[in-house]
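The residues making up each chain are set out below.
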Amino acid sequence: MATAANSATAAGAAKDAPPAPTKSLSGIVKQVLSGDTVVIRATKGAPPPEKQITFSHVLAPKLARRPGAGGDETKDEPWAWESREFLRKKLIGVEVTFTFDKPANSNREYGFVWIGKDKETGENVVESIVREGLVSVRREGRPTAEQQTLIELEDQARAAGRGKWSSNASAADKVRNIKWSHENPAHLVDIYGGNPVKAIIEHVRDGSTVRAFLLPDFHYITLMISGIRCPGVKLDADGKPDLSVKVPFADEARYYVETRLLQRDVEIRLESVNNSNFIGTILYPKGNIAESLLREGLAKCVDWSMAVMKTGTDKLRAAERFAKEKRLRQWQDYQAKTPAFNSKEKDFSGTVVEVFNGDAINVRLSNGQVKKVFFSSIRPPRDQRAVVGTDGEEIVKAPPRGKNYRPLYEIPHMFDAREFLRKKLINKNVQCTLDYISPPRENFPEKYCYTVSIGGQNVAEAMVAKGLATCVRYRQDDDQRSSAYDQLIAAEQQAIKGLKGLHAKKDNATLRVNDLTVDHSRIKIQYLPSWQRALRTEAIVEFVASGSRLRIFVQRDSCLVTFLLAGISCPRSSRPALNGVPAQEGEPFGDEALTFTRERVLQRDVSVHIDTTDKAGSSVIGWLWTDSGANLSVALVEEGLAEVHFSAEKSEYYRQLKSAEDRAKAAKKNIWTNYVEEVPKEKTVTEEEKEDKVVADRKVNYENVIVTEITETLTFFAQSVESGSKLESLMSKLHADFQSNPPIAGSYTPKRGDLVAAQFTLDNQWYRAKVERVQGSNATVLYIDYGNKETLPTNRLAALPPAFSSEKPYATEYALALVALPTDNEDKEEALRAFSEDVLNHKVQLNVELKVTGSPHLATLRDPTTKVDFGKQLVAEGLVLAEKRGERKLKELVDQYKAAQEAARVAHLAIWKYGDITQDDAPEFR
């Protein structure tokens, strides 16, 4: 009875077991679904037909199932991944021979697979995986010859402890911990930091979207390939794939990717996220799959995702361009829209001479021609009142402003953008490559748009990266764009992420400018006094109207003012017709003077000293020094483009102007072309005049100085005004040197007489100094460029770098000539206070009256405007004594001082209020 039952059971099991395969075919293994199931495709067709084959007589451990994929989430059975991987590495993309049959009442086809075209000589894959101990052999029923062979191989694997039969391996170690979803996809991107990650492509949804495992942590991701989009399946009204609609090239693109990536070992570089999907680049043995798809015409470049790519965008564009030129697949009807350019238009280099409001520059070519160059594919900051569409175009333009509207200052960040370009490009050589010509529209002519680079850097990209410009958005089929468009988009994304410039969250305030070219009333009252007191004022030349008339922007005071060059008369330049006013013809050499001034100062940083205003009070008059330190008034005169004005005779620059004019006359330059020199008449000098000249040999040569320090003995230190810019430059370099290379405290041991660097207590900056005395851990130093002294700890001293030790001190010590301090301490303090109020930190005129060996030279000081002698004034006010001197050349000056002292004594002023203090010197009081 039991035997009969067993026989019946065996017969039933034999009935359900897979029959012996009968049909034999060949194909390519497309996919391994598990350790016992593969998908094989035919060798012909695009895409070719496929067949799923389950191995006969064996059962593999089941792989994990992700949630939502036809059921609940499951985990791997032990050794499921190892069995799948064994087949994947052996079979994917390999040509095989297979036999199969379909049992009755079954949806599966079972069979055997051999590697190669001949199953007699090829490796039997089913036997190989059994031999490795990665599957179980079905043992029910009466075994066939094939099944018996598999049973014997399994027994051998068990005996050898291979695979799942190993006693050394833990079953739990052979189960993957799969991360099917990610709460924060961007965090995963940050973890990998743009580095390539090993991965296996598990599914190809369409040509540009795949699913993959990131190894070794088994992150399961959906990946959209960066920079491209392939044709995909159309979606119905419910958002589900509509397979009834055939999209051209969609199947071909998917097949192209499947044959190269599906279940292949690849590297993925995660670059960004889009909702829950990742965006990244897939690298396979032959390169970037995106580049291959583009080159075959199976994909198109997508601007928004190219922006997240770190590298390779240029290669993608080149691949797409190749497909367009060959009219492959999606580009079969493509017609190029980009016009042909001649070589002179396309590429050239030149010097930038002017910057417009953030989107264009003027470039002077080697032949002297000036060409206007617009930056490709970027927009400068614009009026915030305009309504802008999603593509960046203005839907509604901003309403018109008043006639005094200045967009450079009033549009937020426009001035910043212009300044960035001005400082980076003015007077610099740039390379320009033509990208496209924008056609004329509305009232604007056509624009030649270029990629402009300096030192290998794309200027437009640098602007966008700082948030000072935005990128123009184009239709996908529009080729009229920058050759570096992808880099521009990437730079813009970084600027947005960093909240830079235009992308900052805070409100963008306009630059408040006091336009003194329109409102003249505040020039004299509010600004002129401080400008007159300043030694030099930094400014930017915004406009040049003629050789000697400019508009400057004083950034410190945020003022725009008309500036006239002092000391010269310049010919008037011609003026074009404007706003109904007819054109005006210029004077001879007026246009040349205008060009000369424009080339040297337009949009340059300059220094000015403002003396006064014109009669109307609408313009200021002063001196201007170019960025190279040249006095522009002198330069114009030297070039014969201006003549010396009589008002210059009272100026400290008169001698320079007159010498320059004499040289221009001698060379017959420009306005002096027809100049004929007058022959001066000889003057007879009498013997009497000669004698007078010998007697009156006091030399008067006043120099403009700034008094920087006054000592207790009535000596003072003074700096030459002319050397002011050199001192500022020296101090800037010294401060920068110590800031970048700070000394180690206490590493320097000072000695008396050393020239050192000392850190001044009030501002903690480093200055040149001389050590006068060392007492323990303190040292007394003299700041040689200013004259003040200070006692400070020796750890605030450092060795002076050799580059700063060669220049002579900028402050020179003098003694006030012909005067002496009173002996009473209170009187002495009062005299020093008055002297300080008169001259300390003021611009005065100094004349050396007597050079004294080994001591400070004796000098007089006078007011440059009133010509008042400060020493004589102190004597006249009864604050100091007139000194008795016997030098013959000083006799007249000494007499004047004596007369002033006598007047003060008689009036009982200050030290004379109680009578004649010099009487104490009589012999009876000694």
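What counts and how
Residues numbered from 1 in each chain as written. Predicted model: local features only at pLDDT ≥ 70, side-chain atom pairs only at ≥ 80, totals over all residues. Heavy atoms only, no water. Helix = DSSP H or I, 4+ residues; strand = E, 2+ residues; numbered from the N terminus. Rg over C-alpha atoms; globule rule 2.2 N^0.38 Å. Buried < 20%, exposed > 50% of the residue type's maximum accessible area, 1.4 Å probe, protein only. Contact = heavy atoms within 4.5 Å. Areas by Shrake-Rupley, 256 points an atom, 1.4 Å probe, with all protein chains shown as cover. Lys, Arg positive; Asp, Glu negative; His and termini not counted. Charge placed at Lys NZ, Arg CZ, Asp CG, Glu CD. Pairing = 2+ DSSP bridges. Axes fitted to C-alpha atoms, helices over the stretch in contact; angles between N-to-C directions. Domains from an automatic or database assignment. UniProt positions renumbered as here; feature names shortened; annotations may be inferred. Polar contact = N/O pair within 3.5 Å; in protein donor to acceptor, adjacent residues only side chain to side chain. Core = buried A, V, L, I, M, F, W, Y, C linked by side-chain atoms within 4.5 Å. Phe/Tyr/Trp six-rings, centres within 6.5 Å; stacked < 30°, edge-to-face > 60°. Salt bridge = Lys/Arg side-chain N within 4 Å of Asp/Glu carboxyl O. Expected span 1.5 Å × (residues − 1). Arc of directions from axis to C-beta.

Some thoughts on the overall build of the chain
Step number 1: Along the chain, the regular secondary structure elements total 23 helices and 45 strands.
Step number 2: Relative to its length of 926 residues, the chain is extended, with a C-alpha radius of gyration of 46 Å against a globular reference of 29 Å.
Step number 3: Overall, the C-alpha framework of the chain stretches about 165 × 80 × 45 Å when taken along its three principal axes.
Step number 4: Among the 926 residues that make up the chain, the fraction classed as buried is 45%.
Step number 5: Considering only residue pairs separated by 6 or more positions, the chain has 61% of its internal contacts joining residues 24 or more positions apart.
Step number 6: Surface summary for the chain: the accessible area is close to 49,700 Å², and the carbon and sulfur share equals 49%.
Step number 7: Placing the 131 positive and 128 negative side-chain charges of the chain at their respective mean positions leaves the two points 5 Å apart.

Side note on the sheet that holds strand β38 (residues 778–783)
Step number 1: Taken in spatial order, the five strands make up an open sheet running β39-β38-β37-β36-β40, and their pairing is antiparallel. Two strands in the sheet have a free side with no partner beyond their single neighbour: β39 (789–793) and β40 (797–799). When the angles between neighbouring strand axes are averaged without regard to direction, this sheet yields 50°.
Step number 2: Relative to β39, β38 runs antiparallel, the two sharing five bridges. Its bridge partner being in β39, Leu-782 is matched across the sheet by Lys-789.
Step number 3: Of the strands in this sheet, β36 (755–759), β37 (766–775) and β40 are in contact with helix α20 (residues 724–740), which crosses β37 at around 75°.

A short note on the domain arrangement of the chain
Step number 1: Segmentation of the chain into domains returns domain 1 (24–174), domain 2 (185–236 + 246–331), domain 3 (348–388 + 407–503), domain 4 (514–573 + 589–672) and domain 5 (696–719 + 810–925).
Step number 2: A C-alpha centroid distance of 113 Å is found between domain 1 and domain 5.

Here we look at the UniProt feature "domain: Tudor" (unreviewed entry) in the chain
Step number 1: According to UniProt, the positions carrying the feature "domain: Tudor" (unreviewed entry) are residues 749–807.
Step number 2: Secondary structure content for residues 749–807 is 0% helix and 49% strand, while the C-alpha to C-alpha distance between its ends is 23 Å.

Some details on the side chain of Gln-719
Step number 1: Assignment of secondary structure puts Gln-719 in strand β35 (residues 715–720).
Step number 2: Take Gln-719: its relative accessible area is 13%, and that puts it in the buried class.
Step number 3: For Gln-719, the side chain forms a polar contact with the main-chain oxygen of Asp-785, separated by 2.6 Å.
Step number 4: Once you skip the residues sitting within four places of it in the chain, Gln-719 turns out to touch Asn-704, Val-705, Ile-706, Thr-708, Leu-727, Asp-785, Tyr-786, Tyr-810 and Ala-811.

A word on the nonpolar core
Step number 1: Residues Trp-531, Phe-563 and Leu-624 are the most contacted members of the largest nonpolar core, which totals 41 residues.
Step number 2: Contact partners of Phe-563, with chain neighbours within four places excluded, come to Ser-548, Arg-549, Leu-550, Ile-552, Val-608, Ile-610, Val-620, Gly-622, Trp-623 and Leu-624.

Overview of the environment of Ile-744
Step number 1: Inspection of the secondary structure puts Ile-744 in the loop between α20 and β36.
Step number 2: Between the C-alpha atoms of Ile-744 and Leu-261, which are 483 residues apart in sequence, the distance is 60 Å.

Section: the packing of aromatic side chains
Step number 1: Going through the model one piece at a time under the given rule, you end up with 25 aromatic pairs.
Step number 2: Consider the rings of Trp-180 and Phe-213, whose centres lie 6.0 Å apart with planes at 55°: the pair is tilted. On the criterion of sequence distance, the pair formed by Trp-180 in the loop between α4 (145–160) and α5 (185–192) and Phe-213 in strand β9 (residues 209–214) is long-range, its members being 33 residues apart.
Step number 3: By relative accessible area, Trp-180 is classed as buried at 15%.
Step number 4: Since its relative accessible area comes to 4%, Phe-213 is described here as buried.
Step number 5: Ring-pair connections join several aromatic residues into one group, and the members of that group are Trp-81, Trp-180, Phe-213, Phe-218 and Tyr-220.

Examining the sheet that holds strand β41 (residues 811–816)
Step number 1: Here we have five strands rolled up into a closed barrel, ordered β34-β35-β41-β44-β43, and mixed in their pairing. In this sheet, adjacent strand axes meet at a mean angle of 60° when their direction is disregarded.
Step number 2: Most of the contacts of helix α21 (residues 825–839) go to strand β34 (residues 703–710), to which it runs at about 140°, and overall it touches β34, β35, β41, β43 (843–850) and β44 (857–862).

A closer look at the pattern of salt bridges
Step number 1: Within the structure shown, the criterion is met by 47 salt bridges.
Step number 2: A salt bridge links Asp-251 to Lys-246, with the nearest nitrogen and oxygen atoms 3.5 Å apart.
Step number 3: Overall, Lys-246 belongs to the exposed group, its relative accessible area being 64%.
Step number 4: Between Arg-473 and Glu-492 there is a salt bridge, with its nearest N and O atoms 2.7 Å apart. Taken together, the residues Arg-473 in the loop between β25 (470–471) and α14 (485–497) and Glu-492 in helix α14 connect sequence positions 19 residues apart.
Step number 5: Within the structure, one salt-bridge network assembled from shared partners comprises Arg-84, Glu-85, Arg-88, Glu-202 and Asp-265.

Overview of unusual backbone geometry
Step number 1: Look at the link from Leu-215 to Pro-216: it is a cis peptide, with omega at 5°.
Step number 2: Mapped onto the fold, Pro-216 is located in the loop between β9 and β10 (219–225).
Step number 3: Phi angles above zero are rare outside glycine, and Ser-558 is one such case at about 50°.
Step number 4: In this fold, Ser-558 is placed in the loop between β28 (549–554) and β29 (559–565).
Step number 5: Note on Ser-558: relative accessible area 14%, which makes it buried.
Step number 6: Unusually for a residue other than glycine, Asn-670 sits at a positive phi of about 45°.

Some remarks on the pairing of β9
Step number 1: Most of β9 sits out of view: five of its six residues are buried.
Step number 2: Sheet topology note: the strand β8 (residues 197–206)/β9 ladder contains six bridges and is antiparallel. When the sheet's bridge partners are listed, Ile-200 is paired in β9 with Phe-213.
Step number 3: Where β8 folds back onto β9 in an antiparallel hairpin, the turn is made up of two residues.
Step number 4: Looking at chain direction, β9 and β10 are connected through six bridges and run antiparallel. Residue pairing in the sheet places Ala-212 in a bridge with Ile-221 of β10.
Step number 5: Here β9 folds back onto β10, and the loop between the two strands holds four residues, one of which, Phe-218, carries a positive phi near 60°.

A closer look at α4
Step number 1: In this model α4 runs 23 Å from its N-terminal to its C-terminal C-alpha over 16 residues, within 8% of the 22 Å that 1.5 Å per residue would give.
Step number 2: Along α4, the residues classified as buried are Gln-147, Leu-150, Ile-151, Leu-153, Glu-154 and Ala-157. All buried residues of α4 project into a common sector of 165° when viewed along the axis, lining one side. Exposed and facing more than 90 degrees away from the buried side of α4 are Ala-145 and Ala-159.

With respect to the pairing of β38
Put simply, side chains in a regular strand alternate between the two faces of the sheet.
Step number 1: Summarising burial for β38: five of the six residues are buried, a large majority.
Step number 2: In the sheet, β37 pairs with β38 via six bridges, with the strands oriented antiparallel. Along β38, the bridge assignment pairs Arg-773 with Thr-780.
Step number 3: Between β37 and β38, which pair antiparallel in sequence order, lie two residues; one of them, Gly-776, sits at a positive phi of approximately 60°.
Step number 4: Remark: five residues form the turn of the hairpin made by β38 and β39, two consecutive strands paired antiparallel; Gly-787 in that turn has positive phi of roughly 95°.

With respect to the environment of Pro-529
Step number 1: Along the chain, Pro-529 turns up in helix α15 (residues 522–533).
Step number 2: Residue classification places Pro-529 among the partly exposed positions, given a relative accessible area of 31%.
Step number 3: In sequence terms Pro-529 and Tyr-192 are 337 residues apart; their C-alpha atoms lie 62 Å from each other.

Quick word on the UniProt feature "domain: TNase-like" (unreviewed entry) in the chain
Step number 1: Under the feature "domain: TNase-like" (unreviewed entry), the UniProt entry names residues 23–167, 195–333, 346–505 and 535–674.
Step number 2: Counted over residues 195–333, helix gives 27% and strand 34%. Its end C-alpha atoms are 39 Å apart.

Considerations on the side chain of Asn-631
Step number 1: With respect to the helices and strands, the residue Asn-631 is situated in the loop between β32 (620–625) and α17 (632–638).
Step number 2: Judged by its relative accessible area of 8%, Asn-631 falls in the buried class.
Step number 3: From its side chain, Asn-631 meets the backbone nitrogen of Ser-633 in a polar contact 3.0 Å long.
Step number 4: The residues contacting Asn-631, other than those within four sequence positions of it, are Trp-623, Leu-624, Trp-625 and Tyr-653.

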